[in-house]
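# Examining the three-dimensional arrangement
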Amino acid sequence: MIIERGDDIGISALRECSVSSKKSPTLHLFSELENPPETPSNAVAQVPEPAEEPEPSIPLPSVHSSWLPFFRKEFSKPYMAELRQFVADERKQHAVYPPAPEVFQAFQLTGLADLKVLVLGQDPYHGEGQAHGLSFSVKPGVKPPPSLVNIFKELMSDLGIAMPKNGYLKSWAEQGVMMLNAVLTVRANTPTSHKDRGWETFTDAAIEEINRKVDPVIFVLWGAYAQKKGRLIDAKKHHVLKSAHPSPFSADSGFFGSRPFSQINKLLEKEGKTPIEWGY
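What you are looking at is a predicted structure, and each value in this text was computed from that prediction instead of being measured.

## Thoughts on helix α7 (residues 199–211)
- Between the first and last C-alpha of α7 there are 18 Å, a value that for 13 residues agrees with the 18 Å anticipated at 1.5 Å per step.
- In terms of burial, α7 is a largely internal element, 11 of the 13 residues being buried.
- Those residues of α7 that sit buried are Trp-199, Glu-200, Phe-202, Thr-203, Asp-204, Ala-205, Ala-206, Ile-207, Glu-209, Ile-210 and Asn-211.

Structure representation (structure tokens):
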């Protein structure tokens with residue numbers, strides 16, 4: 001295994017190198033080793049089979065190990081090669097967010113095996129310094145955008161937890177709350193600019209992979225766009241929480257008062273799992 005820095009998107013990559021599998025001769029316990037059979041004089045010479053060519057290696061981003069089989073499968077598909085080329089070309093001509101090493105941060109911080117909750121967003125923040133690979137989250141020192149402020153208002157109303165000092169939701173992700181956008185990159189100051197370029201195919205596949213988990217997962221779908229992804233979820237096996245989006249344009253239409261945080265923890269306790277510590 002070779003650790004390699006930088007692929008065509010510019011993210012830290014893990015290169016898996018396949019090794020040629022050569023057939024070993026069958027050994028029949030002692031006898032053939034001690035007294036090898038004589039070759040008849042008229043025997044046809046055996047031409048050795050050509051060695052198998054190693055499979056081409058595929059650069060993968062740095063993600064939690066439990067996601068690697070999924071990434072190997074998706075990164076081997078033609079749409080992913082086209083998507084990676086598109087993002088690489090965009091980065092040559094424009095500022096693109098989030099920074100390349102953070103594109104797959106949702107898959108780095110929340111392992112598939114540990115995933116309890118999926119909060120689905122749509123598009124990364126398109127302002128400088130905002131997006132870092134987790135939906136709705138911004139790093140410390142960055143002013144929380146309006147949707148995130150409304151999430152914190154509902155958290156206070158629901159559980160009495162005071163407004164956090166920053167909008168960095170890393171602690172939620174590390175507890176098993178996957179914060180995933182449907183589209184993982186965006187051109188600066190141009191919302192939905194990377195829509196319909198292949199990211200939806202990738203994140204739909206990720207949702208389907210999560211849906212295959214035997215363990216019940218809580219899917220949080222805020223707004224009409226996220227709720228369309230409900231078709232990928234087995235609601236008989238998993239829990240689905242729906243409400244309006246926390247955006248200022250829709251929060252008063254059903255997000256405020258929906259109490260998602262207490263609902264999530266009640267469902268986790270019902271499943272015998274540790275509730276989320278929402279405060280940080």
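That covers the picture; the talk isn't over yet.
## What about the packing of helix α2 (residues 68–75) against α7?
- For the pair α2 and α7, the least separation of the axes is 11 Å and the interaxial angle reads 145°. For the pair α2 and α7, the crossing hand works out as right-handed. Facing Phe-70, Phe-71, Lys-73, Glu-74 and Phe-75 of α2, the residues of α7 in contact are Phe-202, Ala-205, Ala-206 and Glu-209.
- Looking at side-chain class alone, the contact of α2 with α7 contains 6 nonpolar, no polar and 3 charged residues.

## Concerning the UniProt feature "active site" (unreviewed entry) in the chain
- The feature "active site" (unreviewed entry), as annotated in UniProt, sits at Asp-123 in this numbering.
- By the element assignment, Asp-123 lies in the loop between β5 (117–121) and α5 (146–159).
- For Asp-123, a relative accessible area of 18% gives the class buried.
- With near-sequence residues (within four places) excluded, Asp-123 lies in contact with Asn-181, Val-183, Thr-185, Val-186, Pro-191 and Thr-192.
- For Asp-123, the side chain forms a polar contact with the main-chain nitrogen of Thr-192, separated by 2.7 Å.

## Observations concerning the packing of aromatic side chains
- The final tally for this structure, using the stated rule, is 21 aromatic pairs.
- Relative to Trp-278, the ring of Trp-172 has its centre 4.9 Å away and its plane inclined at 90°; by these criteria the two rings are edge-to-face. Of this pair, Trp-172 sits in helix α6 (residues 170–174) while Trp-278 sits in the segment after α9 (260–270), placing them 106 residues apart in sequence. Accessibility classification places Trp-172 together with Trp-278 in one group, the buried group.
- Three or more aromatic residues link up through ring pairs in this structure, and these residues are Trp-67, Phe-70, Phe-71, Phe-75, Phe-104, Phe-107, Trp-199 and Phe-202.

The rules we used
Residues numbered from 1 in each chain as written. Predicted model: local features only at pLDDT ≥ 70, side-chain atom pairs only at ≥ 80, totals over all residues. Heavy atoms only, no water. Helix = DSSP H or I, 4+ residues; strand = E, 2+ residues; numbered from the N terminus. Expected span 1.5 Å × (residues − 1). Buried < 20%, exposed > 50% of the residue type's maximum accessible area, 1.4 Å probe, protein only. Axes fitted to C-alpha atoms, helices over the stretch in contact; angles between N-to-C directions. Left-handed = near helix turned anticlockwise from the far one by under 90°. Contact = heavy atoms within 4.5 Å. Nonpolar A, V, L, I, M, F, W, Y, C, P; charged D, E, K, R; others polar. UniProt positions renumbered as here; feature names shortened; annotations may be inferred. Polar contact = N/O pair within 3.5 Å; in protein donor to acceptor, adjacent residues only side chain to side chain. Phe/Tyr/Trp six-rings, centres within 6.5 Å; stacked < 30°, edge-to-face > 60°.

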